[in-house]
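Coordinates in review
The primary structure of each chain is shown beneath.
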Amino acid sequence: MPALLFTFSNVYGSLEICVMLSGILNGFLASQMISYFRNFRHDPTILKASIALIWAANIASFGCSCWILYTFTMTQHQAPLTEISIPTGSFSATIMLEIVVRCMTQGIYTYRMFKFSHQIWLLIPCCALALFEFGLALTWATSVASLRNTLLIASWSSKFKWIVDALFTTGALLDLVITTSICYQLKQNRILGLKRTKDLIDTIIRWTIQSGLITCVVAIVVLIVWAINPTSNLWLGISMCLTDCYAMMLMALMNGRMRLKNDAENHITLTTSISIVGGATNSTHGSSELNPQLAPMPKFKPSNLVTRAGAEEFGLKA
């Protein structure tokens, strides 16, 4: 491997920047989590437990990333760049924590896709890809842990190239399959819907594409950086941020239901106002009968509907 690739910016600088960026993303994620647990207390217990586990695993993964950075910059700062070793214990823990976050997030998306389509033939390949992805990460983590701090940065490409390539390729492919399937099913349901329903479906489709596209693109960037310079820690830092992106995109979708609820409330308020105004106008023109539009409106609370239904917009029922 050319010695030019072993520079302080590649080994230390890129990792420091990505870890700081990961810390910022964790701050945004914390605010999203607090908002979720405050506004959607009636979501299914299993969904809330899964999201709490994703949050805990993401925090633990960030802690391991900070320890890896500390090991590089403090305990090995006097070592030659070509002889810097990876802290295998914390790195293998990071691998497993990251794959837990990614697989659980993809699992929620997969279940959502199945609830939309009710097609078992779509569920099987997604589950197979997720299991294959988890198996690759488990193989990688156990292989790293068995080296006991003897893994050098210089030996990245020779030892684990096929695992890294297969792992992130599988993750990007699974994101693409899930996003495409959900959007297709929503598009099918949109055909026979009313205008209000079509607007709602269009919003969910747009959010789904954005969340799936971001994680897929970041995974592809990891593969590109890894292929260009595997001795740089830049790909490792970006992969840490990828895990944060999975959790943040999931929470953005879950908290986005609050916007859908507000839109529903505004729509109902506007419709009610138009009905009352229309009825009053007819009565001023000498009508001796009550306008049917002035009949008592049925009690309907969109806020209760959204919080009680939980994640129905995402294929989940309380």
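This one's a predicted model, so the numbers in the text were calculated from it and none came from an experiment.

The number of helices and strands found in the protein is nine helices and zero strands. In the protein, 81% of the contacts between residues at least 6 apart in sequence involve partners at least 24 apart. For the protein, the accessible surface area stands at approximately 15900 Å², while carbon and sulfur atoms represent 68% of it.

Evaluated as defined, the whole model comprises six aromatic pairs. Ring geometry for Tyr36 against Phe40: centres 5.8 Å apart, planes inclined by 25 degrees, an arrangement best described as stacked. Each member of the pair, Tyr36 as well as Phe40, carries the same accessibility label: buried. Measuring from centroid to centroid gives 5.6 Å for Phe91 and Trp140, while their planes differ by 85 degrees, and the two rings are edge-to-face. Of this pair, Phe91 sits in helix H3 (residues 88–117) while Trp140 is found in helix H4 (residues 120–145), placing the two residues 49 residues apart along the sequence. As far as burial versus exposure is concerned, Phe91 and Trp140 are alike and both buried. What links up through ring pairs into an aromatic cluster is the set Phe91, Trp140, Trp226 and Trp235. Between the NZ or CZ atom of Arg257 and the centre of the ring of Phe40, over which it lies, the distance is 4.0 Å.

Okay, a nonpolar patch on the surface next. Residues Ile209, Leu213, Val217 and Val221 make up a contiguous nonpolar surface patch of about 310 Å² in total accessible area. Relative to the helices and strands, Ile209 resides in helix H6 (residues 195–228).

A word on the side chain of Thr243. Its location among the elements puts Thr243 in helix H7 (residues 234–255). Once residues lying within four places of it in the same chain are set aside, the contact partners of Thr243 are Asn58, Glu98, Val101 and Arg102.

To continue, consider H7. Since one α-helical turn is 3.6 residues long, residues separated by three or four positions face the same way. Taking 1.5 Å of rise per residue, the 22 residues of H7 would be expected to cover 32 Å, and the 31 Å separating its terminal C-alpha atoms lies within 8% of that figure. For H7, the buried fraction is high: 20 of the 22 residues fall into the buried class.

We now examine the packing of H3 against H7. Running from amino to carboxyl end, H3 crosses H7 at an angle of 30 degrees, the nearest separation of the two axes being 10 Å. As summarised for this structure, H3 and H7 are arranged roughly parallel, according to the angle between their axes. Crossing of H3 over H7 shows left-handed handedness. Of the residues in H7, those in contact with Phe91, Glu98, Val101, Arg102, Thr105, Gln106, Ile108, Tyr109 and Arg112 of H3 are Leu236, Ser239, Met240, Leu242, Thr243, Tyr246, Ala247, Met249, Leu250 and Leu253. In terms of residue class, the contact of H3 with H7 is built from twelve nonpolar, four polar and three charged.

Looking now at the pattern of salt bridges. On inspection of all chains with the given rule, the structure shows four salt bridges. With a shortest N-O distance of 3.8 Å, Glu133 and Arg102 are connected by a salt bridge. Note that Glu133 is positioned in helix H4 and Arg102 in helix H3, a separation of 31 residues in sequence. With relative accessibility at 3%, the residue Arg102 sits in the buried group. Taken together, the shared-partner salt bridges in this structure form one network comprising Glu98, Arg102 and Glu133.

Relative to the helices and strands, Thr110 is located in helix H3. A polar atom in the side chain of Thr110 sits 2.7 Å from the backbone oxygen of Gln106. When residues no more than four places from it in sequence are discounted, the contact partners of Thr110 are Leu123, Cys126 and Ile178.

Core analysis: the biggest nonpolar cluster contains 74 residues, and Leu15, Phe91, Trp140, Phe168, Trp235 and Met251 have the highest contact counts within it. Looking at this core, the elements with two or more residues in it are helix H1 (8–39), helix H2 (45–75), H3, H4, helix H5 (156–190), H6 and H7. With 15 residues, the single largest contributor to this core is H7. Here Leu15 is in contact with Ile68, Leu69, Phe72, Asn233, Leu236, Gly237 and Met240, once residues within four sequence places are set aside.

A separate point is the environment of Met254. Relative to the elements of secondary structure, Met254 occurs in helix H7. When its relative accessible area of 1% is taken as the criterion, Met254 is described as buried. Separated by 222 residues in sequence, Met254 and Gln32 have C-alpha atoms that sit 9.3 Å apart.

Cut-offs and rules
- Residues numbered from 1 in each chain as written.
- Predicted model: local features only at pLDDT ≥ 70, side-chain atom pairs only at ≥ 80, totals over all residues.
- Heavy atoms only, no water.
- Helix = DSSP H or I, 4+ residues; strand = E, 2+ residues; numbered from the N terminus.
- Contact = heavy atoms within 4.5 Å.
- Areas by Shrake-Rupley, 256 points an atom, 1.4 Å probe, with all protein chains shown as cover.
- Phe/Tyr/Trp six-rings, centres within 6.5 Å; stacked < 30°, edge-to-face > 60°.
- Buried < 20%, exposed > 50% of the residue type's maximum accessible area, 1.4 Å probe, protein only.
- Lys NZ or Arg CZ within 6 Å of the ring centre and 35° of its normal.
- Patch = residues over 30% accessible without salt bridge, like charges linked within 9 Å, V, L, I, M, F, W, Y side chains within 5 Å.
- Salt bridge = Lys/Arg side-chain N within 4 Å of Asp/Glu carboxyl O.
- Expected span 1.5 Å × (residues − 1).
- Axes fitted to C-alpha atoms, helices over the stretch in contact; angles between N-to-C directions.
- Parallel < 35°, antiparallel > 145°, perpendicular 65-115°, else oblique.
- Left-handed = near helix turned anticlockwise from the far one by under 90°.
- Nonpolar A, V, L, I, M, F, W, Y, C, P; charged D, E, K, R; others polar.
- Polar contact = N/O pair within 3.5 Å; in protein donor to acceptor, adjacent residues only side chain to side chain.
- Core = buried A, V, L, I, M, F, W, Y, C linked by side-chain atoms within 4.5 Å.

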